[in-house]
There are 2 protein chains.
Amino acid sequence: MASPEIEALSGALARLPGLGPRSARRAVLHLLKRRETSLATLLGALQAVNDRLSTCSICGNVDTSDPCAVCADPRRDARALCVVEEVADLWALERSRLFPGRFHVLGGRLSALEGVRPEDLAIDGLIRRVANGGVDEVVLAMNATLEGQTTAHYLAERLEQFPVRLTQLAHGLPVGGELDYLDEGTLAQALRARRPLA
Amino acid sequence: MASPEIEALSGALARLPGLGPRSARRAVLHLLKRRETSLATLLGALQAVNDRLSTCSICGNVDTSDPCAVCADPRRDARALCVVEEVADLWALERSRLFPGRFHVLGGRLSALEGVRPEDLAIDGLIRRVANGGVDEVVLAMNATLEGQTTAHYLAERLEQFPVRLTQLAHGLPVGGELDYLDEGTLAQALRARRPLA
Ligand SMILES: [Zn+2]
Ligand SMILES: [Zn+2]
């Protein structure tokens, strides 16, 4: 129906989560009809992100600077560290604006089924950050899934040698729920009512 | 929550039809986590389209070449001309693969409410194409809206001086329906059953 370049753009958009072939075609048309505004803006934004994208060497967040904006912010409380499975979880917590501390992104969760072992996650870096001192509390903000809770318990065992308070998000989270899908109210409540790990 | 560059990308994606702030954030995360595949692919595709995008000087289609792929294709039947309101409608008809002729995009529809007059649409170009001869049939494929039908009747009056058969899409289209939202089966049926304009 269209040139190879337009088909390729449509295909690239269709592979984004939340878009399918039909909505990708509508998005392409929207862009083509607004070359100077939408198309140029999106292209510039993608280019800027692509040029500067990096993974934070401290916490594992993705950002356009290293250290990331959270780690570089002197107003963040370095004594509280929130451990999350994925970057998406960090962003979900940031949107709630309720956690004043810093983060550590594991890059996944322990999974016998998928063959994910401790050495596949950013656990050594976490241990190092805690061992360096200055951290009073570690919030184990894993998803309320079996694998998330297994990961939290594994981390609790590895961290119990350090003089830090280990907490986890309150279990008001729906069972099987993933942080990134929760509304901010639920997330806020779970964070406020966080409790020491049993 | 993130750097200005990432916020800008999220904002640009959120303004695409079918995406909102939430799905745009998920799309950004998807891209950030797949820098070498998704992000690079989308960036390259957008760049290629932006570099080559043009409006067809014959029919008004947007494509990466001028004339567009439809107008440049010698296998298309130049004797049948299908007039549509928008590029989106041309694409919808192309997806059905049922119209073997060429197109003419008006760029809108007559509208007293929105102050769209004949001189605001690509009507002179249409008259010129028909006046040049070689066209046997003009399909007035306007939307089944009041404004679409007003536009079709206006065009029929302007074209009745020429020895061409004027047809319109069969009215099996849902009232108020817009071509670009129809499934291909409905569109195919309407095109097959097209009839002379009363
Ligand atoms: Zn960081
Ligand atoms: Zn053309």
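Remember, it's a predicted structure, so these values are computed and weren't measured experimentally.

### Section: the overall build of chain A
Next, step 1: For chain A, the helix and strand inventory stands at eight helices and seven strands.
Next, step 2: Taken over 198 residues, chain A has a buried fraction of 54%.
Next, step 3: Counted over contacts in chain A with a minimum sequence separation of 6, partners at least 24 positions apart contribute 55%.
Next, step 4: Carbon and sulfur atoms make up 51% of the accessible area of chain A, which amounts to about 9100 Å² in all.
Next, step 5: Averaging the positions of the 23 positive and the 25 negative side-chain charges in chain A gives two centres separated by 7 Å.

### Some remarks on the UniProt feature "zinc finger region: C4-type" (unreviewed entry) in chain A
Next, step 1: What UniProt calls "zinc finger region: C4-type" (unreviewed entry) maps, in this numbering, to residues 56–71 of chain A.
Next, step 2: Across residues 56–71 of chain A one finds 19% helix and 12% strand; the C-alpha atoms that close the span lie 8 Å apart.

### Topic: helix H6 (residues 123–131) of chain B
All names here are of chain B.
Next, step 1: Those residues of H6 that fall on the buried side of the exposure criterion are Ile123, Gly125, Leu126, Ile127, Arg129 and Val130.
Next, step 2: Against the buried residues of H6 lie strand E3 (77–84), strand E4 (101–105), strand E5 (137–140) and helix H7 (146–159).
Next, step 3: Just beyond H6, the residue with positive phi is Gly133, at close to 85°.

### A word on the relation of the copies chain A and chain B
Next, step 1: Least-squares fitting of chain A to chain B yields an RMSD of 0.1 Å, with the superposition described by an axial translation of 0.0 Å and a rotation of 180°. On the angle and the small slide along the axis, the relation comes out as a two-fold axis. Taking the C-alpha atom as reference, chain A places Leu43(A) closest to the rotation axis, 3.4 Å from it.
Next, step 2: Most of the interface of chain A is mirrored in chain B, where 100% of its interface residues again form contacts.

### Observations regarding helix H2 (residues 21–33) of chain B
Next, step 1: Helix length check: H2(B), at 13 residues, gives a terminal C-alpha distance of 18 Å against a target of 18 Å (1.5 Å per residue), a fit within 8%.
Next, step 2: Turning to H2(B), its buried residues number three or more, namely Ala24(B), Arg25(B), Ala27(B), Val28(B), Leu29(B), His30(B), Leu31(B) and Leu32(B).

### Re the packing of aromatic side chains
All names here are of chain A.
Next, step 1: Following the criterion strictly, the structure yields two aromatic pairs over all chains and no others.
Next, step 2: Judged by centre distance (5.5 Å) and plane angle (55°), the ring pair of Phe99 and Phe103 falls under tilted. Comparing Phe99 with Phe103, the two get one shared label, buried.

### Notes on the coordination of the zinc ion (ligand 1)
Residue and element names in this part refer to chain A.
Next, step 1: Donor atoms from the polypeptide that bind the zinc ion (ligand 1) are Cys56 (SG), Cys59 (SG), Cys68 (SG) and Cys71 (SG), placed at 2.3 to 2.4 Å.
Next, step 2: For the zinc ion (ligand 1), the four donor atoms in the first shell make angles of 104 to 116° at the metal, so the coordination geometry reads as tetrahedral.
Next, step 3: Site description for the zinc ion (ligand 1): donor spacing in sequence, C-x2-C-x8-C-x2-C. Highlighted residues: Cys56 in the loop between strand E1 (54–55) and strand E2 (62–63) and Cys68 in the loop between E2 and helix H4 (69–72), separated in sequence by 12 residues.
Next, step 4: In this structure Cys68 comes out as buried when scored by relative accessible area, which is 0%.

### A look at the coordination of the zinc ion (ligand 2)
Residue and element names in this part refer to chain B.
Next, step 1: Protein coordination of the zinc ion (ligand 2) is provided by Cys56 (SG), Cys59 (SG), Cys68 (SG) and Cys71 (SG), with donor distances spanning 2.3 to 2.4 Å.
Next, step 2: Here the zinc ion (ligand 2) binds four donor atoms, and the angle range of 104 to 116° at the metal identifies the geometry as tetrahedral.
Next, step 3: Cys59 gets classed as buried once you look at its relative accessible area, which sits at 1%.

### Remarks on the pattern of salt bridges
For side chains bearing opposite charge, pairing can occur when the charged atoms are close.
Next, step 1: One pass over the full model with this rule turns up 22 salt bridges over all chains.
Next, step 2: Asp77(B) serves as the salt-bridge partner of Arg79(B), at 3.1 Å between the closest nitrogen and oxygen.
Next, step 3: Since its relative accessible area comes to 47%, Arg79(B) is described here as partly exposed.
Next, step 4: What emerges from the salt-bridge pattern is a single network uniting Lys33(A), Glu85(B), Glu86(B) and Arg109(B).

The rules behind these values
Residue indices begin from 1 for each chain and proceed along its sequence in written order. Just so you know, chain letters begin at A and ligand numbers begin at 1, following the order they were written in. Where local features are concerned, this predicted model is filtered to residues with pLDDT of at least 70; where side-chain atom pairs are given and counted, the filter is 80 or more; whole-chain, interface and lining totals use all residues. The basis for every side-chain value is the complete set of non-hydrogen atoms in the structure, without hydrogens or water. The way it works is that DSSP assigns letters per residue, a run of H or I at least four long becomes a helix, a run of E at least two long becomes a strand, and they are numbered from the N terminus. To sort residues, take the accessible area from a 1.4 Å probe on protein chains only and compare it with the maximum for the residue type: under 20% means buried, over 50% means exposed, and anything in between is partly exposed. Here, residues are in contact when the closest pair of their heavy atoms is within 4.5 Å. Here the Shrake-Rupley method, with its probe set to 1.4 Å, supplies the accessible areas, and only the displayed protein chains count as covering residues. This count recognises Lys and Arg as positive and Asp and Glu as negative, with His and chain-terminal groups excluded. Where a charge lies is defined by one atom per residue type: Lys uses NZ, Arg uses CZ, Asp uses CG and Glu uses CD. UniProt positions are given in the numbering used here, feature names are shortened, and annotations may be inferred rather than shown by experiment. Here the copies are matched by least squares. The fit uses the C-alpha atoms of residues with pLDDT of at least 70 in both. Here a helix's expected span is defined as the number of its residues, less one, multiplied by 1.5 Å. Aromatic rings from Phe, Tyr and Trp, taking only the six-membered ring of Trp, are treated as a pair when their centres fall within 6.5 Å; an angle between ring planes under 30 degrees marks them as stacked, one over 60 as edge-to-face, and anything in between as tilted. Excluding water, the donors of a metal are its N, O and S neighbours within 2.8 Å, or within 3.2 Å for Na, K and Ca, and that exclusion means sites may look incomplete. In short, tetrahedral needs four donors with all angles between 85 and 135 degrees, square planar needs four and octahedral six donors with opposite donors over 155 degrees apart and all other angles between 65 and 115, and whatever is left is irregular. By convention in these notes, a salt bridge is any Lys or Arg side-chain nitrogen within 4 Å of a carboxyl oxygen on Asp or Glu.

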